[in-house]
Amino acid sequence: MIILRINLFYFYLFLFFKSFSVIDVQPTRLISPSSLLRRRQGNSFEMATLLCSMLLGAGFQAFVVSGVARAETVECDLRETPYPYELPAAKIEEEQKPKTTTGSKYKLRPMPDLRSHLEENMAELLRQKEAEEQKIKDEALQRTLEELELRPVDKYHFRRSHAWVLVLDNAPWATVQSVQKADAGPTTLTARFFEPSTGFICETHCKQYILVDSVWSQYNYYVNKQEYQRVSEIRWDLRDTTDWEHILPGEPPEMRTYVVHSDENLADLVHPIEEEQHLDTIRSWVMKLHIGVKEFEERFPKLEKTVYYKKAKHDRYSPYSQRTGKVMQLTLYSDDDYKEPTERWEFFENRSDKLTCTKFNYKTLETEEKFDIGRNDSLKAMYYSEKHRGKELYFYSEPRLDSLHYLRIETDSVTLQYKERSDFCYYQYFELKPSSNFLKKIIEKFHRNQSLPADKDIAVRSFLLFLHKITLKFHYARGALTASTCEFTKPPKPDYGQEIVFDLNLVKLYKANTADPDPTQLEVYRLMLAQLECEEKIMKQYARIVEENNEILDQRRLEQENPKEKEDAYKREVQTKPADFLAPYLVIYKDRALTYDESWAVYKACLNDLKSRFVFLLNDLQRQYED
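Residues numbered from 1 in each chain as written. Predicted model: local features only at pLDDT ≥ 70, side-chain atom pairs only at ≥ 80, totals over all residues. Heavy atoms only, no water.

The chain has the name Dynein regulatory complex subunit 7 in an unreviewed UniProt entry, where Glossina brevipalpis is given as its organism. UniProt lists a comment for the chain under the heading Sequence similarities (unreviewed entry), and it reads "Belongs to the DRC7 family." Under the UniProt heading Subcellular location (unreviewed entry), the note attached to the chain is "Cytoplasm, Cytoskeleton, Flagellum axoneme". (UniProt positions renumbered as here; feature names shortened; annotations may be inferred.)

See below:
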């Protein structure tokens, strides 16, 4: 079903719909489906014939329907139709892993509820009664609206001719090719309507179709004889002659019904089909339907197509037709006149910078950009606004050496998030001094390392640079209510070649479990030295992050000013001309007709250069062989 909808959507984009100049006049002639594929422009009858031919070739039981439709359907006006496709996601959603909770064997029994719920029950009964009354009112309003829909809107309400496609899903002649008995019950067919001008699929109870006059396929022409008020009341068993008048006598073998009273002597009761005398439709003289590679890649008759929906404008472009690589643009509006835009989506393909989608909000002036995998900086998405300087950057963490996933830059802080790092770090926060680039505080958070005890595994590490302190918070041990902590006051820097003097008074320790042994001074000293080394590394890491961020922003600025597309086979074969080797030799003649002697001179000059080229390549190969 999804593939069918995609093919219908492509069919709708490939052709240009042309409505009738006179409302109540049917076409006097129709062009063939192959001609329509070449012209790529036609009316509803021609487009429905082509769509029906394609569906028949795909194995569907399709028929062309001739009838009357509403004005917006006949004119292919979708300005009252909401945007039918799903809008792209605004933000990158984080994958939330389900939390595994360990069940407890013993649970406390909840206290019994001794309060009276009489008032709550009475209120619930009143709400149910009001809901039922409201449902009855809604049904009555719906019936009134349906009756109003049956009334003509204008004098052309029952005179606007239109054609669409009917598909029968469970037609017996498509799946069952055996003799049916007379006492078999009637078969209810499921029908669907395919609108060729829009590519939409709807059920028979949709309101856009008013009357059905006739139905035809490659075998026969059927005229509707039923009395009905709505199209949904029509019976679609085309074999029933009381409902459908057959213009051509006889039916195709798979649609014929034989009356047999018993299964005995079946061969004697059924006449051979070859001996029957009936009129068949003439053989098709239409050429084989074919869409070339060039036309298939162009997608649109004029390399672009614009459709207006309710408060939405949908623009589509052929690949490589836009310098920026844009293939689609969707603009949402707050009014019906398409003058006050609220949001704009732009989609790109074949960009060298891997840009796939951008979103701009006209109210907040926020811009979102999304990229495909393959960039040198592994950038995945970027969010920024024209009102403030803050930016959010998402990265593909797998290709990056530092496993960076998220980067948020504010005027006074920088936040980083990582995925699956070897040191179990998943969060870093850098706080800056106001109106300066000096670091004020650094915070790091780590996942649990099961290879270390909880009181040795750091959970949160903070560097208070202005206070010259380092605080450590370890992970919670099993069954512990608090976590162990450690605070270092950084000693003064020693002279060159001297070691750091350790003072136990500059250390504050807290043990969550008092039964654990106290760490030795050597262990505390080594822990302090390790944190001082980490502080230097993180300071250098921050400098690299700032430099990389500036490079990314500068690169994005250049890519926005000069967007480039990727080269591919289609662009080289279809939209680029083959190389003209004689062009350099014809420059001196200034595009005038050449004489015989001039043409002979150009031929000799080009041939001599070609020989010289081959001699140079031969000498180069000989030199490489000798070396």
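From this point, things continue past the structure.
Peer 1: I keep staring at a nonpolar patch on the surface and nothing clicks. Help me out?
Peer 2: Together, Y596, W600, Y603, L607, L610, F614, F616 and L617 make up an exposed nonpolar region whose accessible area comes to about 880 Å². Inspection of the secondary structure assignment puts L610 in helix α11 (residues 596–626). The exposure class assigned to L610 is partly exposed, which follows from its relative accessible area of 42%. (Patch = residues over 30% accessible without salt bridge, like charges linked within 9 Å, V, L, I, M, F, W, Y side chains within 5 Å. Areas by Shrake-Rupley, 256 points an atom, 1.4 Å probe, with all protein chains shown as cover. Salt bridge = Lys/Arg side-chain N within 4 Å of Asp/Glu carboxyl O. Helix = DSSP H or I, 4+ residues; strand = E, 2+ residues; numbered from the N terminus. Buried < 20%, exposed > 50% of the residue type's maximum accessible area, 1.4 Å probe, protein only.)

Peer 1: So what exactly am I meant to see when it comes to the side chain of T204 here?
Peer 2: Inspection of the secondary structure assignment puts T204 in the loop between β6 (201–203) and β7 (209–216). The exposure class assigned to T204 is buried, which follows from its relative accessible area of 15%. The contact partners of T204, leaving out residues within four places of it in the chain, are A191, F193, V231, S232 and W236. (Contact = heavy atoms within 4.5 Å.)

Peer 1: How do you make sense of the environment of A459 when you look at a structure like this?
Peer 2: Here A459 is to be found in strand β22 (residues 458–464). C-alpha separation for the pair A459 and Y476, spaced 17 residues apart in sequence, amounts to 8.6 Å. With residues up to four places along the chain from it excluded, the contact list for A459 reads E444, K445, F446, K473, F474 and H475.

Peer 1: Can you walk me through the sheet that holds strand β9 (residues 244–246) in this structure?
Peer 2: Sheet strands associate in pairs through backbone hydrogen bonding, adopting either a parallel or an antiparallel arrangement. Taken in spatial order, the seven strands of this open sheet run β6-β5-β4-β3-β7-β8-β9, and their pairing is antiparallel. What marks the edges here is a single partner per strand, and that holds for β6 and β9. Along the sheet, successive strands turn relative to each other by an average axial angle of 35°, direction set aside. Helix α3 (residues 44–57) rests against β3 (61–69), β4 (161–168), β5 (191–194) and β7 of the sheet, and its axis sits at about 10° to β4. (Pairing = 2+ DSSP bridges. Axes fitted to C-alpha atoms, helices over the stretch in contact; angles between N-to-C directions.)

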